[in-house]
Amino acid sequence: RRATVLGRPAGDPAAIARVGALIEGPGFYPYLSGRANLRAMARYRDLPDSEVERALERVDLRDRGDDRFKAYSLGMKQRLGVATALMGDPELVVLDEPTNGLDPGGMADMRALILDLARDGHTVLLSSHLLAEVEQTCDRVGVISRGRLLEESTVAELRGGRRLRIVADPV
């Protein structure tokens, strides 16, 4: 099987340059500040420091950017991971469980950020096991089990018109 990303073969440097991703938990240098970690990531990707400040602002960490990463709460670490994914203004943003570790207010902020990204023309691929988050954020949903796509549709189509019948013996 072949996979393409943004019309290019998967792994192609031209496609990778147009993708931002947060997969699993973010990994950063614990002894560096959030800002310094983002600067290191920006240098790897040949991005200017202005991208660091823009990303910190976008995830509401600008005021805490000089704090050491190891002092960050789980939610702040998650926000910094999303900030890394947003540097360089990627066309495709892949986020794996972006609300992990966030309090209810932080979850609402993350939903708003994802919706803003979509409104700004970004494609956001969200992976989550939290159905309520998916329903509030996504306009199309794919259900994957054991590596196979079982269903793809709108949230409304996926929810509507289906029933589950359970038969048990004995009742």
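Before any of the text, the structure's been laid out above.
Residues numbered from 1 in each chain as written. Predicted model: local features only at pLDDT ≥ 70, side-chain atom pairs only at ≥ 80, totals over all residues. Heavy atoms only, no water.

**Q** So what exactly am I meant to see when it comes to a nonpolar patch on the surface here?
**A** Taken together, the side chains of Y29, Y31 and Y44 present a nonpolar region at the surface, about 380 Å² in accessible area. The residue Y44 is located in helix α2 (residues 34-44) in this model. Judged by relative accessible area, which is 59%, Y44 ranks as exposed. (Patch = residues over 30% accessible without salt bridge, like charges linked within 9 Å, V, L, I, M, F, W, Y side chains within 5 Å. Areas by Shrake-Rupley, 256 points an atom, 1.4 Å probe, with all protein chains shown as cover. Salt bridge = Lys/Arg side-chain N within 4 Å of Asp/Glu carboxyl O. Helix = DSSP H or I, 4+ residues; strand = E, 2+ residues; numbered from the N terminus. Buried < 20%, exposed > 50% of the residue type's maximum accessible area, 1.4 Å probe, protein only.)

**Q** Any chance you could explain the packing of α2 against helix α4 (residues 74-86) here in plain terms?
**A** Packed helix pairs are characterised by how far apart their axes lie and by the angle those axes make with each other. Relative orientation of the contacting elements α2 and α4 amounts to 30 degrees, with a least axis distance of 10 Å. Judged by the angle between their axes, α2 and α4 are roughly parallel. The way α2 lies across α4 gives a crossing that is right-handed. Of the residues in α4, those touching α2 at G34, L38 and M41 are L80, A83 and T84. (Axes fitted to C-alpha atoms, helices over the stretch in contact; angles between N-to-C directions. Parallel < 35°, antiparallel > 145°, perpendicular 65-115°, else oblique. Left-handed = near helix turned anticlockwise from the far one by under 90°. Contact = heavy atoms within 4.5 Å.)

**Q** Mind showing me how you'd approach the pairing of strand β6 (residues 140-145) here?
**A** Relative to strand β7 (residues 148-154), β6 is paired through six bridges, and the arrangement is antiparallel. Counterpart to V143 in the pairing with β7 is E151. Hairpin geometry of β6 and β7 is characterised by an intervening segment of two residues between the two adjacent antiparallel strands and by a positive phi of about 55 degrees at R146. (Pairing = 2+ DSSP bridges.)

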